[in-house]
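The primary structure of each chain is shown beneath.
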Amino acid sequence: MTTYFLALETSCDETAAAVFTEQPALLANVVASQTNLHARFGGVVPEVAARAHLQRLLPVVDEALRQAGVRLEQIGCLAVLNTPGLVGALLVGVSAAKMLALALDVPLVSANHLEAHIYACRLAAGRDIFPCVGLVVSGGHTALFHCHSALSFELLGTTIDDAAGEAFDKVASILGLDFPGGPAVEREALAGNPRAFRFPRSFMHDKRLDFSFSGLKTAVLYTVHGQGVAHGPPPGPGLLRANVAASFQQAVVEVLVEKARQALRQTGLGCLAVGGGVSANRTLRTVLEQMVKEEGAEIFIPPRELCTDNAAMAAIAVEKWRRQQWASLDLDAVAAYSGT
Ligand code: KG4
Ligand code: ZN
């Protein structure tokens, strides 16, 4: 008999629900983005996000069930991403998942948002991808993992300051581009020369698998406004703006790809799985694919809609469900990442 899972994700500014089977096979993946609510603030406002999740979660769940052709009473397990994220936002999904699990009298399974980003590769591939190197590049995190199995992730390195996505968002703001910054910078970069400016590439040839993007952001700031000048009007449309966007994107891509290469070599693994919003970036995807080919390894990157935040990636819960690793009803929302 098929077990149907209902999964919820509310860690940041996307209200998401998905329905999948224990296979896992994805039946519905619904995401309500709050981008328009946060755009005028130039970033996600936690209280606004939490309130919007409250308003949107149940309609999003209804829509996911409708698209899957599954009734609520048929759901056999509730899955929720309970960490890391904005605590007030996470609480909405966690509370709803607990309430539904209790009302339906079915198990509750919790999962880690970063590990779920990697599991999106497994879901999209439809076959096992473990063990592998996992690269998560999102708005809040940049991390490399040795993924021993779907349930055993070892952190190899992480950012010591800004996340890659955060750098895209901040550079977009310096350039006067839309929020969220990643897609806007990517569009702008199309018209620019990636070699126009030589921006810093931190730790690029270090053995350590950590990242740092704050120096890069500052270099962009000074290139736009002048050395040591922190504020000023954004540049208008034109070659300068496009060249800065393209050169910045190139620096981020080179660092991410080089660190992923080092992680493959240091672990001796032959497979790279990539997830998180920044992995929707076409240049990053292309350069990663080239690197992996050079290394004689295999790469998994999910389709773009499974790179940015979604609840389908909570299919990692299937792995815990098989081992009866249920969460209890006192499950908490936890803001910071702290391994599993
Ligand atoms: O994984 P995600 O949706 O949310 C978090 O878990 O943080 O990642 C969001 C981040 C944002 O910083 C956004 O600017 C970035 O991913 N992003 C991109 C692209 N699409 C989204 N960055 C670069 N290029 C893109 N196409
Ligand atoms: Zn994410």
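Placed above this text is the structure.
The rules behind these values
Residues numbered from 1 in each chain as written. Chains lettered and ligands numbered in written order. Predicted model: local features only at pLDDT ≥ 70, side-chain atom pairs only at ≥ 80, totals over all residues. Heavy atoms only, no water. Pairing = 2+ DSSP bridges. Helix = DSSP H or I, 4+ residues; strand = E, 2+ residues; numbered from the N terminus. Axes fitted to C-alpha atoms, helices over the stretch in contact; angles between N-to-C directions. Contact = heavy atoms within 4.5 Å. Core = buried A, V, L, I, M, F, W, Y, C linked by side-chain atoms within 4.5 Å. Buried < 20%, exposed > 50% of the residue type's maximum accessible area, 1.4 Å probe, protein only. Expected span 1.5 Å × (residues − 1). Parallel < 35°, antiparallel > 145°, perpendicular 65-115°, else oblique. Nonpolar A, V, L, I, M, F, W, Y, C, P; charged D, E, K, R; others polar. Phe/Tyr/Trp six-rings, centres within 6.5 Å; stacked < 30°, edge-to-face > 60°. Lys NZ or Arg CZ within 6 Å of the ring centre and 35° of its normal. Disulfide = S-S within 2.5 Å. Salt bridge = Lys/Arg side-chain N within 4 Å of Asp/Glu carboxyl O.

**Topic: the sheet that holds strand S4 (residues 75-83)**
With mixed pairing, five strands are arranged side by side in an open sheet as S3-S2-S1-S4-S5. Looking along the sheet, the strands with just one partner apiece sit at the ends: strand S3 (26-33) and strand S5 (108-112). Across this sheet, the average inter-strand angle for adjacent strands is 20 degrees, counted without regard to direction. Strands in contact with helix H2 (residues 46-68) are strand S1 (4-9), strand S2 (14-21), S3 and S4; relative to S2, the strand with the most contacts, it is inclined by about 25 degrees. Strand contacts of helix H4 (residues 113-125): S1, S3, S4 and S5, with the helix running at about 95 degrees to S5, the strand carrying the most contacts.

**Considerations on the nonpolar core**
Ranked by size, the top nonpolar core spans 48 residues in total, and within it Phe-213, Phe-248, Leu-272 and Leu-288 carry the most contacts. Going through the elements one at a time, strand S6 (132-137), helix H5 (164-174), helix H6 (181-189), helix H7 (214-225), helix H8 (239-267), strand S9 (271-275) and helix H9 (282-294) are the ones with two or more residues in this core. In contact with Leu-272, other than residues within four places in its own chain, are Val-133, Leu-135, Ala-260, Leu-264, Leu-288, Met-291, Val-292, Glu-298, Ile-299 and Phe-300. Grouped together as the second largest cluster of nonpolar side chains are 39 residues, Ala-116, Cys-132, Phe-153 and Met-313 included.

**Focus on helix H3 (residues 87-104)**
Spanning 18 residues, H3 covers 25 Å between terminal C-alpha atoms, matching the ideal 26 Å at 1.5 Å per step. Those residues of H3 lying buried are Ala-89, Leu-90, Val-92, Gly-93, Val-94, Ala-96, Ala-97, Lys-98, Leu-100 and Ala-101.

**Side note on the packing of H5 against H8**
The N-to-C vectors of H5 and H8 enclose an angle of 175 degrees; their axes lie 11 Å apart at closest approach. Comparing the axis directions of H5 and H8 gives the class roughly antiparallel. Contact residues: H5 offers Ala-164, Ala-167, Phe-168 and Val-171, while H8 offers Phe-248, Gln-249, Val-252 and Leu-256. Classifying every residue of the contact of H5 with H8 by side-chain character gives seven nonpolar, one polar and no charged.

**Looking at the packing of aromatic side chains**
A full pass over the atoms with the stated rule returns nine aromatic pairs. Taking 5.3 Å as the distance between ring centres and 75 degrees as the angle between the ring planes, the aromatic pair formed by Phe-5 and Trp-321 counts as edge-to-face. Here the residue Phe-5 occupies a position in strand S1, and Trp-321 occupies one in helix H10 (residues 317-322), the gap between them amounting to 316 residues. A relative accessible area of 0% means that Phe-5 is categorised as buried. The ring of Phe-203 carries the charged tip of Arg-208 above its face, separated from the ring centre by 4.1 Å.

**Structural notes on the state of the cysteines**
A full pass over the atoms with the stated rule returns zero disulfides. Lacking any disulfide linkage, Cys-12 is separated from the closest cysteine sulfur, that of Cys-307, by 16 Å. Its sulfur unpaired, Cys-147 is 4.1 Å from the next cysteine sulfur, which belongs to Cys-132. Given the relative accessible area of 0%, Cys-147 is considered buried.

**As for the pattern of salt bridges**
The tally for this structure, following the rule as stated, stands at 17 salt bridges. With a closest N to O distance of 3.4 Å, Arg-208 and Asp-210 form a salt bridge. Here Arg-208 falls in the partly exposed class, since its relative accessible area comes to 36%. Among the residues examined, Asp-210 registers a relative accessible area of 18% and is labelled buried. Across the pair Arg-265 and Glu-295 runs a salt bridge whose closest N-O atoms are separated by 2.8 Å. Of the two residues, Arg-265 sits in helix H8 while Glu-295 sits in the loop between H9 and strand S10 (298-300), which places them 30 residues apart along the sequence. Classification of Arg-265 as exposed rests on a relative accessible area of 55%.

**Description of the pairing of S6**
Among the six residues of S6, six are classified as buried, and the element is accordingly described as predominantly covered. Pairing analysis gives six bridges linking S6 to strand S7 (residues 142-149), with the strands arranged antiparallel. In the strand pairing of S7, Val-137 is matched with Thr-142. Connecting the antiparallel pair S6 and S7 is a turn made up of four residues. Relative to S9, S6 is paired through four bridges, and the arrangement is parallel. Of the residues in S9, the one forming a bridge with Gly-134 is Ala-273.

Keep in mind these values describe shape, not function.
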